[in-house]
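Secondary and tertiary structure notes
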Amino acid sequence: MLKIIDKYILKRYLTTFSVMLLMFIPIGIVIDVSEKVNKMIENKVPFKEIASYYVDFTIYFANLLFPIFLFLSIIWFTSKLANNTEIIAILSSGISFTRFMRPYIIGAVIVSVFALVMGIFFVPKASEGFKNFRYMYLIGGGRSEMRDDSDVYRQISEDEYIYVSNFNTVSKIAFNFTLEKFKKGELVYKINADRLKWNEKDSTYSMYNYKKRKVGELNDTFEMAEKKDTVFNFDIEDLTPVVYIAETLPYDELLDFIEKEKARGSTNINRYLVVLYKKFSIPVAAFILTIIAVAVSSMKRRGGMGMNLAIGIVLAFAFVFLDKIFGVLAEKSAAPPIIAVWVPNIVFGILAIYLLRNAKR
């Protein structure tokens, strides 16, 4: 059962966090509008598209800066409690610091569950709308920059591999196409073509300057043609998925997509795994940041609330900085994504334990 003190602190916890979001999101929208308005006018973006973009922007922005908003809101209201000597009165009445932390932990559970649900169900859809709008109307290359479309190497089945040096997403043409078929580790045949064109009308492919080498026991056989139409067991769109596709997929679809990309030998697999693991690391961060915020702001300081806020801002941005650094490290290097994603939580978890012990004293 929640006591009066629990309800009082929990109400302040959730109310301050909500107000912090409601304060900063409009500021973020105003700044974004001021930066993008000329581009929107230049590209004659329909108002409906703009309105939809800012709905998605609100969800995307709130999820992106969730740790900072949570951390600063806890420091803000806890510092006010400390400056008003309310925390001293609570602890002097015989309540232990651990018991004092209970409503904060309950608040962290509520916020974590909310962040987890948003990350699994709502943020992917908002990310899709947000990213699509930016690439379609605001970024120079438009659709061409939405895909990592050079030097594409894919495993399309258990023993078939394809390669293209470049893929044009508008004309649906791949260049320097190669397909290799293996059996028990030995090459069966190899197909080459200068160009591979997708024919949407009948779902076939046209290969230009086609060459096929079939490996025999004694002699190889060769087949050539200026043009050859055929059917393959892959969709040309699968050659180069949108670079941010993992961010736009709900949890179950993301799992299926990652398994599919692993089978194809995708070079972007670490990027997709980072997105997956962050769906769980961010909610856990709510607990860690809550403990740190309470430990930092629960005592009166000579600098008052300003000093607590200054410490909070430094720690919050340090967390975001670590999160971004190790996220990029996981995407661009051989570092295991699951370790890189959880490093900020581990580092700040150790810091939380240290600060909590000192606060109890």
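Report follows, based on the coordinates. Here the structure is a predicted model, which means the values were calculated and not measured. (Residues numbered from 1 in each chain as written. Predicted model: local features only at pLDDT ≥ 70, side-chain atom pairs only at ≥ 80, totals over all residues. Heavy atoms only, no water.)

Points about the pattern of salt bridges
For clarity, the cut-off: What makes a salt bridge here is a side-chain nitrogen of Lys or Arg within 4 Å of a carboxyl oxygen of Asp or Glu, nothing more. Secondary structure elements follow DSSP: runs of H or I no shorter than four residues count as helices, runs of E no shorter than two count as strands, and numbering proceeds from the N terminus. When a residue's accessible area, from a 1.4 Å probe over protein chains only, is under 20% of the maximum for its type it is buried; when over 50% it is exposed; and in between it is partly exposed.
Within the structure shown, the criterion is met by 11 salt bridges. Of the charged contacts, one joins D6 and R102 as a salt bridge, the two residues approaching to 3.9 Å between their closest N and O atoms. You can see D6 sitting in helix α1 (residues 4-42) and its partner R102 sitting in helix α6 (residues 102-138), a full 96 residues away along the chain. Residue D6 is classed as buried on the basis of its relative accessible area, which comes to 1%. Under the relative-accessibility criterion, R102 is labelled partly exposed at 37%. In this structure, E180 engages K190 in a salt bridge whose closest nitrogen and oxygen atoms are separated by 3.7 Å. Of the two residues, E180 sits in strand β3 (residues 173-183) while K190 sits in strand β4 (residues 186-199), which places them 10 residues apart along the sequence. Within the structure, one salt-bridge network assembled from shared partners comprises D6, R99 and R102.

What about helix α7 (residues 251-264)?
For clarity, the threshold we go by: To estimate the expected span of a helix, count its residues, drop one, and scale the result by 1.5 Å. Directions from the helix axis toward the C-beta atoms define the arc.
With 14 residues, α7 should reach 20 Å at 1.5 Å per residue; the first-to-last C-alpha distance of 20 Å fits that figure. Considered for burial, the residues of α7 that qualify are L254, F257, I258, E261 and R264. Buried residues in α7, looked at end-on, bunch into an arc of 125 degrees, giving them a common side. When the buried face of α7 is taken as reference, the exposed residues oriented beyond 90 degrees from it are D256 and E259. Positive phi shows up at G265, right after α7, with a value of about 70 degrees.

Concerning the layout of surface pockets
As a reminder of what qualifies: Only protein atoms enter the 1 Å grid used here, on which a cavity is any set of points holding a 1.4 Å probe that cannot leave and a pocket is any open set flanked by protein within 12 Å on both sides along at least five of seven lines; residues with an atom within 4 Å of a point are listed as lining. Grid points are joined across faces, edges and corners, and a volume is the space filled by probe spheres set on the points. For this classification, Asp, Glu, Lys and Arg are treated as charged, while Ala, Val, Leu, Ile, Met, Phe, Trp, Tyr, Cys and Pro are nonpolar and the rest, including Gly, are polar.
Estimates place the volume of the largest pocket at around 850 Å³. Forming the boundary of the largest pocket are 35 residues, of which L64, E247, V275, K278 and K324 lie nearest the centre. Looking at the lining of the largest pocket, the elements with two or more residues in it are α2 (47-64), α6, α8 (269-297), α9 (304-332) and α10 (337-360). Tallied by class, residues from the lining of the largest pocket come to 20 nonpolar, six polar and nine charged.

Quick word on empty space enclosed by the protein
Under the criterion given, the structure shown has two cavities of 30 Å³ or more. In terms of lining residues, the second largest cavity is bounded by I5, D6, I9, I90, I95, R99, F100 and P103. Those elements that place two or more of their residues in the lining of the second largest cavity are α1 and α5 (97-100). For the lining of the second largest cavity, the leading source of residues is α1, giving three residues. Its residues placed into classes, the lining of the second largest cavity shows six nonpolar, no polar and two charged.

Observations regarding the packing of aromatic side chains
What counts is decided by this rule: Classification of ring pairs rests on two measures: the distance between centres of Phe, Tyr or Trp rings, Trp counted by its six-membered ring, which must be within 6.5 Å, and the angle between planes, read as stacked under 30 degrees, edge-to-face over 60 and tilted in between. Lysine and arginine charges are scored as sitting over a ring when NZ or CZ, respectively, is within 6 Å of the ring centre and within 35 degrees of the ring normal.
Inspection of every chain in the model, using the stated rule, returns 24 aromatic pairs. Ring geometry for W198 versus Y205: centroids 4.9 Å apart, planes at 55 degrees, classification tilted. Per residue, the accessibility class of W198 equals that of Y205, and both read buried. Counting every residue linked through ring pairs, the aromatic cluster contains F24, Y53, Y54, F57, Y60, F61, F69, F130, F133 and Y137. Sitting over the ring of Y208, R195 keeps its end group 4.2 Å from the ring centre. In this structure, K212 packs its charged tip against the face of Y189, placed 4.5 Å from the ring centre.

Observations concerning the environment of G327
You can see G327 is positioned in helix α9. We classify G327 as buried; its relative accessible area is 4%. G327 sits 11 residues away from I338 along the chain, and the two C-alpha atoms are 9.7 Å apart.

Some thoughts on the pairing of β3
Rules: By definition, two strands form a pair when at least two bridges between them are found by DSSP.
As paired elements, strand β2 (residues 160-168) and β3 share seven bridges and run antiparallel to each other. Bridge assignment links I162 to a residue of β3, and that residue is L179. Of the strand pairs in this sheet, β3 and β4 are connected by 10 bridges, and their pairing is antiparallel. Each bridged residue has a counterpart across the sheet, and for L179 the counterpart in β4 is I191. Count of turn residues in the β3/β4 antiparallel hairpin: two residues, of which K184 carries a positive phi of about 55 degrees.

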